[in-house]
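# Reading the structure
Here is how the chains run, residue by residue.
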Amino acid sequence: MNIYADNAATTKMSRTAVDAMLPYLDQIYGNPSSLHSVGQRANEALASARGRVAACLGCDAGEIIFTSGGSEADNQAIISAARIGERKGKKHIISTAFEHHAVLHTLNKLEKEGFEVTLLDVHENGLVTARQVEEAIREDTCLVTVMYANNEIGTIQPIGEIGAVCRAKGVLFHTDAVQAAGHLHIDVKEQNIDMLSLSAHKFHGPKGIGALYVKKGIALTNLIEGGAQERGKRAGTENIPAIMGMAAALEEACGSIDENAAKVSALRDRLIAGLSEIPHGVLNGDAVKRLPGNVNFCFEGIEGESLLLLLDDKGVCASSGSACTSGSLDPSHVLLAIGRPHEIAHGSLRLTISEETTQEEVDYLIGAVKEVVSYLRGMSPVWRDLESGKSKFVTA
Amino acid sequence: MALYSDKVMDHFRNPRNVGVIEDADGVGEVGNAKCGDIMKIYLKIDNDIISDVKFETFGCGSAIASSSMATELIKGRPVSEALELSNKAVAEALDGLPAHKMHCSVLAEEAIKAAVKDYYDRNGIEYDHAQFPDCESCGHCSV
């Protein structure tokens, strides 16, 4: 059996998205900036896609900028807010300890320029509260950036409540909605979101394309200089095929959001229940306020990379936050942020399922993980010490 | 996965000499759970020959493969030869390791040395302390 359970990393494109792209590769291939009819046909497509993406978010077409993906959108949103703040002498930014690196590394860069960054504690359940945001806001705060849903542990933040606090205090609010778009309801007006980033390949659209929603009246700073595309805020000929694929994928996902969420979260809960039977493992992140497709566990006494390799042998594609898979010496900053000790964080497993996942596959996943965890524990000196009582279990 | 050679994957999937020797003559454990890898080597020594060797490893694919290969390389060999086993020899026998995984072969070398040192200590055998670098000398775990 081959099971793709790494949908938070990327998704398979939907047929709808592929079909939406194809005509723009070899038939309507014009440059939207060209005055001739071939170009104008592409320009019409671009305008329609912008309107459709905007409709899915509850904003106006003029508030959407197409980018190369979520990372670029995050970078541009944060840098823009920082420049606006700087002009008013406001150089304080609030975020959380478990943001995506596209956010954290941009904040690090700003810190080197003299900005002050407050990273809010995300607690053991992986959630921040609007109250925490409210208490952290200062006179010189120019931006609050909090992710909509976490990419590793799937926890969903109270975005509407945070938006309300920021609006009341007059502070710009950005959310990295890369994991949320197409999976959770988003209404930027109702939720008082000033800027929002999304990426198409997380909802069965193509890679290399994303969007930044930016509320009318907020001045963007360019990251890429050149032509006057995207209202002069993002130079470079628009990737029309990818934009068409993204618009189609987002519309499709948003059109069946409740139905998909109900189906996928039922499978997620079945998977969580099955994996909870493994002794000395722990679910990472709140059990309820989490993305429909996200399951993330730490298992004591084993290391994540060997777990992934053996699961791959069984046809299962998964991911882990262990140091060996992160390419650094430290395990995932997300797991450390929710208070998992290094020893436990190395033994993490993330399974992210989709609407295409079946119950039969979920049952196979449970069996495969149980088998591999037990096999690896059998050769682990750490597990031997835990079992013999020489060292203490951290989890139940 | 193309990350590892076929040899590494073979030793990872079918590790040789996994287990424990209850009446071992020397046991060596190196690494740190915080860093994500621990290796434990058990030696049975008869007339200065390593008659049996077992290992337990907590770690990534290359850590398990390095332990397996290292035990194969010293099984049936004199203790003095086991002491000469270098991490490079382990890595070469595995048809190479990715650069950021070389420390796994270092752990294997050190685990064997630690087990031999334990054997020497238990039996009051004199040895040159400089032969046995301590864990800190590797520098892998900066935490």
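Coordinates for the structure precede this section.
Since the model is a prediction, treat every value here as computed from it, not as a measurement.

## Side note on the overall build of chain B
A count of helical and extended segments in chain B gives 5 helices and 3 strands. Whereas a compact globule of 143 residues would reach a radius of gyration of roughly 15 Å, chain B reaches 14 Å, a difference of no more than 12%. Expressed as lengths along the three principal axes of its C-alpha atoms, the size of chain B is roughly 45 × 30 × 25 Å. For chain B, the proportion of its 143 residues judged to be buried stands at 53%. Counted over contacts in chain B with a minimum sequence separation of 6, partners at least 24 positions apart contribute 60%. Summed over its atoms, the accessible surface of chain B is roughly 6200 Å², and 46% of this surface lies on carbon and sulfur atoms. In chain B, the 14 positive side-chain charges and the 24 negative ones have mean positions that sit 5 Å from each other.

## With respect to empty space enclosed by the protein
By rolling a water-sized probe across the atoms, one finds the places where empty space is left. With the rule as written, the count across this model stands at 1 cavity of 30 Å³ or more. Of the voids in this model, the largest cavity is the one considered here, and its volume is about 40 Å³. Looking at the lining of the largest cavity residue by residue, the classes come out as 5 nonpolar, 5 polar and 1 charged.

## Digging into helix H7 (residues 159-169) of chain A
Residue and element names in this part refer to chain A. All of the buried residues along H7 are Ile 159, Ile 162, Gly 163, Val 165 and Cys 166. Burial along H7 is one-sided: seen end-on, the buried residues are contained in an arc of 165 degrees. Those residues of H7 that are exposed and angled more than 90 degrees off the buried face are Glu 161 and Ala 168. Positive phi shows up at Gly 170, right after H7, with a value of about 70 degrees.

## Description of the pattern of salt bridges
All names here are of chain A. All chains considered together, the criterion is met by 31 salt bridges over all chains. Across the pair Arg 234 and Glu 72 runs a salt bridge, and its minimum N-O distance is 2.7 Å. A residue pair is termed long-range when its members are at least 10 positions apart, and Arg 234 in the loop between strand E8 (210-214) and helix H8 (240-255) and Glu 72 in helix H4 (residues 70-87) qualify at 162 residues. For the pair Arg 234 and Glu 72, a shared accessibility class is recorded, and that class is buried.

## Looking at the pairing of strand E2 (residues 64-67) of chain A
Residue and element names in this part refer to chain A. Side-chain alternation along E2 places Ile 64 and Phe 66 on one buried face and Ile 65 and Thr 67 on a second face that is also buried. The pairing of E2 with E8 spans 4 bridges and is classified as antiparallel. In the sheet register, Ile 64 faces E8, and the bridge partner there is Tyr 213.

## Notes on the sheet that holds strand E3 (residues 49-58) of chain B
All names here are of chain B. The sheet built from 3 strands is open, its strands ordered E1-E2-E3 with antiparallel pairing. Only two strands of the sheet have a single neighbouring strand rather than two, namely strand E1 (26-32) and E3. Along the sheet, successive strands turn relative to each other by an average axial angle of 15 degrees, direction set aside. Here E1 pairs with strand E2 (residues 37-46) via 7 bridges, running antiparallel. Residue pairing in the sheet places Glu 29 in a bridge with Lys 40 of E2. The strands that helix H2 (residues 61-74) touches are E2 and E3; relative to E3, the one it contacts most, it runs at about 175 degrees.

## Thoughts on the environment of Asn 284 of chain A
Residues and elements named next belong to chain A. The residue Asn 284 is located in the loop between strand E9 (281-283) and strand E10 (294-299) in this model. Sequence-distant contacts of Asn 284, defined by excluding residues within four places in its chain, comprise Ile 153, Arg 290, Asn 296, Phe 297, Cys 298, Leu 335, Ile 338 and Arg 340. Only 2.5 Å separates the side chain of Asn 284 from the side chain of Arg 340, close enough to count as a polar contact.

## Regarding the side chain of Thr 145 of chain A
Residues and elements named next belong to chain A. Turning to its location among the elements, Thr 145 is positioned in strand E5 (residues 141-145). Here the side chain of Thr 145 touches His 174 through a polar contact of 2.9 Å, side chain to side chain. What Thr 145 contacts, discounting residues up to four positions off in sequence, is Ile 78, Ile 93, Ile 94, Ser 95, Thr 96, Glu 99, Val 103 and His 174.

## Structural notes on the packing of helix H3 (residues 37-57) of chain A against H8 of chain A
Residues and elements named next belong to chain A. In the contact formed by H3 and H8, the axes pass within 9 Å of each other and the chain directions differ by 30 degrees. By the angle between their directions, the pair H3 and H8 is classed as roughly parallel. Handedness of the H3/H8 crossing: left-handed. Taken together, the residues of H8 that come into contact with H3 (itself represented by Ala 42, Ala 45, Leu 46, Ser 48, Ala 49, Arg 52, Val 53 and Cys 56) are Ile 240, Ile 243, Met 244, Ala 247, Ala 248, Leu 250, Glu 251 and Cys 254.

## Focus: the sheet that holds E9 of chain A
All names here are of chain A. Here we have 3 strands laid out as an open sheet, ordered E9-E10-E12, and antiparallel in their pairing. Both outer strands of the open sheet, E9 and strand E12 (348-352), are each paired with one neighbouring strand and no more. Averaged over all pairs of adjacent strands, the angle between their axes in this sheet comes to 25 degrees, without regard to strand direction. Taken together, the 5 bridges between E10 and E12 define a ladder with antiparallel strand orientation. Its bridge partner being in E12, Asn 294 is matched across the sheet by Thr 352. The strands touched by helix H9 (residues 257-275) are E9, E10 and E12; relative to E10, the strand with the most contacts, the crossing angle is about 10 degrees.

Definitions and cut-offs
Residues numbered from 1 in each chain as written. Chains lettered and ligands numbered in written order. Predicted model: local features only at pLDDT ≥ 70, side-chain atom pairs only at ≥ 80, totals over all residues. Heavy atoms only, no water. Helix = DSSP H or I, 4+ residues; strand = E, 2+ residues; numbered from the N terminus. Rg over C-alpha atoms; globule rule 2.2 N^0.38 Å. Buried < 20%, exposed > 50% of the residue type's maximum accessible area, 1.4 Å probe, protein only. Contact = heavy atoms within 4.5 Å. Areas by Shrake-Rupley, 256 points an atom, 1.4 Å probe, with all protein chains shown as cover. Lys, Arg positive; Asp, Glu negative; His and termini not counted. Charge placed at Lys NZ, Arg CZ, Asp CG, Glu CD. 1 Å grid on protein atoms, 1.4 Å probe; cavity = no way out; pocket = protein on both sides within 12 Å on 5 of 7 lines; lining within 4 Å. Points joined across faces, edges and corners; volume = space filled by probe spheres on them. Nonpolar A, V, L, I, M, F, W, Y, C, P; charged D, E, K, R; others polar. Arc of directions from axis to C-beta. Salt bridge = Lys/Arg side-chain N within 4 Å of Asp/Glu carboxyl O. Pairing = 2+ DSSP bridges. Axes fitted to C-alpha atoms, helices over the stretch in contact; angles between N-to-C directions. Polar contact = N/O pair within 3.5 Å; in protein donor to acceptor, adjacent residues only side chain to side chain. Parallel < 35°, antiparallel > 145°, perpendicular 65-115°, else oblique. Left-handed = near helix turned anticlockwise from the far one by under 90°.

Distances and angles like these do not, on their own, reveal function.
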